[in-house]
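Understanding the architecture of this molecule
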Amino acid sequence: MLIIIFLALLVRLPGILAGNFAFTYDTGRDLLAISDLLTTGDIHLIGHTTGIIGVFYGPWWYWVLTIPFFVTRGNPIALTAFIAILASFSAGLAFWWGTRAFNYTFGLIVGLLLALSPDIIKITNQLWNPHLLVPTTLLVVMLLKNIERLTLPKLIILGVLLGLLSEFEIIFGILFILGFLLTRPRKILPVLFGIIIVEIPRILFELRNGFIQTKSFLGSFANSESVWQLHTKRDWLIYESLSTVLPGPPWMQNIFVLIILYLIITSWRKFPKLQKKFIATLLLIIGIFWTAIFVYPRDFWHYYLLGLPVLYAFVVAFVVSRLPIHFVIVYLLFAIQPIKLIQSIAKPQFVGNAAVYHNQIEVVQTLYKETTSDFKYIAYTPPQIDYTWKYLFRWENTKKYQYKLSEDPPIMYVILEPDEAYPERIKEWLRVRAKDGVVVSEKKFPSGIIVQTRRLKWN
């Protein structure tokens, strides 16, 4: 168990400590909200926006991050490492539980997949609410294994975890709960009670505001023009999610899926009753997700599926663990791709673009160190809202620099992120701000970020 945790940390932390992770609009927005929460003590009943207009997440993502934010003083590297550490301990937990619930080989496969699969590493090394789906889904699946034998407290905990799935990614949570309900569990009331506990902040908000989110959610489907349309071109989402445990081109993934299904069907009679029910539950939930990919009337994004690899890992481990040991080794080498992992450890940092944290903090720290007076800044970002820069400047402004941010300084820095998708938009943005000071210098960073120094006052 400790070895698996160590390996999981080894392939995640070097890149994070080097600042080699995405720091995007969502991350900046969330850290600003948590900073304000700790500063003002004002606790809200809802959190950030979902992909559906008028529908918000609950505050749970902010609450989960509040303690590590306080302990690390809002350090983005430390907070991202917190997500990676949770994922690493989850891999160790999966191994420990799998060896006891099934056998050593099963636990080893699940643990190593969650620890070392390159695509699972990608979804557990970023500070973003969907990236908590992996550890949360793991806990849910562990409890589902013996749901009929769970005590009342454990059933309530299962409900709480199911509720949290929808708080970390609303579409994933809804689809998972739907799949769970279709299994027709007998002890449903305590589970529903646990879900309601998580949803209390949202319920209170709805009662206070005339069920505005409920109306927006239902209206988004009623106004959709593609309710009955079959979106056949979304199959790439399935292949992308499968790559976490079955890497390779689609044709190869198809073969592996067929082999796994064949082995399950031909060996079904030999499985113990509880194992049959467990695997059938996982396959049903996976089927719900795959069906939703093709029939969901709105855009279906890849991050709706970030918890699905846990289910894949359990199903694959269930089948592969019954094969001869040399097949197990070959599969693990195929799935883990050790050469790629070694390369990532040897070179934990790459140049990247304007969305990579070390590129953004390089700009901010350079300005604080090289400025000759107090200053202010404005920033162009493709999302049109500069949450990332606002947070990084606020965070860096607390450190001991000679000069600080000011409302009426002699110098202003203009930060320009590349916008390859809409190059005319950045030109228009600059045209509107052409008279905001006089450009005295311009510097381009390796990431493509450009910083103009503009003088606002003259001695």
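Residues numbered from 1 in each chain as written. Predicted model: local features only at pLDDT ≥ 70, side-chain atom pairs only at ≥ 80, totals over all residues. Heavy atoms only, no water.

Moving on, we get to the overall build of the chain. Of regular secondary structure, the chain possesses 21 helices and four strands. For 459 residues, the compact-globule estimate of 2.2 N^0.38 gives 23 Å, and the chain sits close to it at 24 Å. Its C-alpha atoms give the chain principal-axis dimensions of roughly 85 × 55 × 45 Å. Sorting the 459 residues of the chain into buried and exposed places 50% on the buried side. Excluding contacts between residues fewer than 6 apart, the proportion of contacts in the chain whose partners are at least 24 apart in sequence is 76%. Working note: accessible area of the chain is about 22,500 Å², and carbon and sulfur atoms make up 65% of it. (Helix = DSSP H or I, 4+ residues; strand = E, 2+ residues; numbered from the N terminus. Rg over C-alpha atoms; globule rule 2.2 N^0.38 Å. Buried < 20%, exposed > 50% of the residue type's maximum accessible area, 1.4 Å probe, protein only. Contact = heavy atoms within 4.5 Å. Areas by Shrake-Rupley, 256 points an atom, 1.4 Å probe, with all protein chains shown as cover.)

Bringing the packing of aromatic side chains into the picture now. For the structure shown, the criterion picks out 32 aromatic pairs. Centroid distance Trp128 to Tyr303: 5.0 Å. Interplanar angle 65°. Geometry classified as edge-to-face. Of this pair, Trp128 sits in the loop between helix H7 (118-122) and helix H8 (133-144) while Tyr303 sits in the loop between helix H15 (273-295) and helix H16 (308-320); the two residues are 175 residues apart in sequence, bridging distant segments of the chain. Both residues of the pair, Trp128 and Tyr303, count as buried. Among the aromatic residues, those joined into a ring-pair cluster are Trp97, Phe102, Phe106, Trp268, Phe271, Phe278, Phe314 and Phe318. Between the NZ or CZ atom of Arg322 and the centre of the ring of Phe318, over which it lies, the distance is 4.1 Å. (Phe/Tyr/Trp six-rings, centres within 6.5 Å; stacked < 30°, edge-to-face > 60°. Lys NZ or Arg CZ within 6 Å of the ring centre and 35° of its normal.)

In this section: the pairing of strand S2 (residues 411-416). Across the six residues of S2, six count as buried, placing the element largely inside the fold. Neither face of S2 is open: one carries Ile411, Tyr413 and Ile415, the other Met412, Val414 and Leu416, and all of them are buried. Inspection of the sheet shows strand S1 (residues 375-380) paired to S2 by six bridges, in the parallel sense. Bridged to Lys376 within S2 is Met412. For the segment spanning S1, helix H20 (residues 387-396) and S2, crossover handedness is left-handed. The pairing of S2 with strand S4 (residues 450-455) spans six bridges and is antiparallel. Following the sheet pairing, Tyr413 is matched in S4 by Thr453. (Pairing = 2+ DSSP bridges. Right-handed = clockwise from strand over helix to strand, strands pointing away.)

Time to look at unusual backbone geometry. One non-glycine residue, Arg73, lies in positive phi territory at about 60°. Structurally, Arg73 is set in the loop between helix H4 (60-72) and helix H5 (76-101). With relative accessibility at 72%, the residue Arg73 sits in the exposed group. Phi angles above zero are rare outside glycine, and Arg184 is one such case at about 55°.

All right, on to the sheet that holds S4 then. Strands sit in the order S1-S2-S4-S3 across an open sheet of four strands; the sheet is mixed. The sheet is open, and its two borders are formed by S1 and strand S3 (438-444), each paired with just one other strand. The average undirected angle you get between the axes of adjacent strands in this sheet is 20°. On top of the sheet, helix H19 (residues 357-370) reaches S1, S2, S3 and S4; it is set at about 160° to S2, its chief contact. Along the sheet face, helix H21 (residues 423-432) touches S1, S2 and S4 and points at about 145° away from the line of S1. (Axes fitted to C-alpha atoms, helices over the stretch in contact; angles between N-to-C directions.)

What follows covers helix H9 (residues 152-168). Between its first and last C-alpha atoms H9 spans 25 Å; for 17 residues at 1.5 Å apiece the expected length is 24 Å, and the two agree. Those residues of H9 hidden inside the fold are in contact with H4, H8, helix H10 (170-182) and helix H11 (188-208). (Expected span 1.5 Å × (residues − 1).)

Turning our attention to the nonpolar core. One finds Leu158, Leu162, Phe176, Phe300, Phe314, Tyr331 and Ile415 to be the most contacted residues of the largest nonpolar core, which totals 131 residues. Top contributing element to this core by residue count: H16, with twelve residues. If we skip the residues at most four places from it in the chain, Leu162 touches Val140, Phe176, Ile177, Phe180, Val191 and Ile195. (Core = buried A, V, L, I, M, F, W, Y, C linked by side-chain atoms within 4.5 Å.)

What the rule picks out here adds up to eleven salt bridges. With a shortest N-O distance of 2.9 Å, Asp30 and Arg29 are connected by a salt bridge. Take Asp30: its relative accessible area is 1%, and that puts it in the buried class. Here Lys427 and Glu424 are joined by a salt bridge, their closest N and O atoms 3.6 Å apart. Of this pair, Lys427 and Glu424 both sit in helix H21, three residues apart, which is roughly one turn of the helix. When salt bridges that share partners are traced, they join Asp26, Arg29 and Asp30 into one network. (Salt bridge = Lys/Arg side-chain N within 4 Å of Asp/Glu carboxyl O.)

This part takes up a nonpolar patch on the surface. A surface patch of nonpolar side chains, amounting to about 530 Å² of accessible area, comprises Ile196, Ile200, Ile203, Leu204, Leu207 and Phe211. When you line up the elements, Ile200 lands in helix H11. A relative accessible area of 40% places Ile200 in the partly exposed class. (Patch = residues over 30% accessible without salt bridge, like charges linked within 9 Å, V, L, I, M, F, W, Y side chains within 5 Å.)

We now examine the side chain of Asp386. Topologically, Asp386 is positioned in the loop between S1 and H20. Despite its burial, Asp386 pairs with no opposite charge; the closest candidate is Lys390, at 4.3 Å N-O. Look past the residues within four positions of Asp386 in its chain and what remains in contact with it is Tyr377, Ala379 and Thr381. (Lys, Arg positive; Asp, Glu negative; His and termini not counted.)

So, about the environment of Trp60. Take Trp60: it is sitting in helix H4. On the accessibility criterion, Trp60 (22% relative accessible area) is partly exposed. Aside from chain neighbours lying at most four places away, what touches Trp60 is Leu164, Glu167, Ile197, Val198 and Pro201. Separated by 2.7 Å, the side chain of Trp60 and the backbone oxygen of Val198 make a polar contact. (Polar contact = N/O pair within 3.5 Å; in protein donor to acceptor, adjacent residues only side chain to side chain.)

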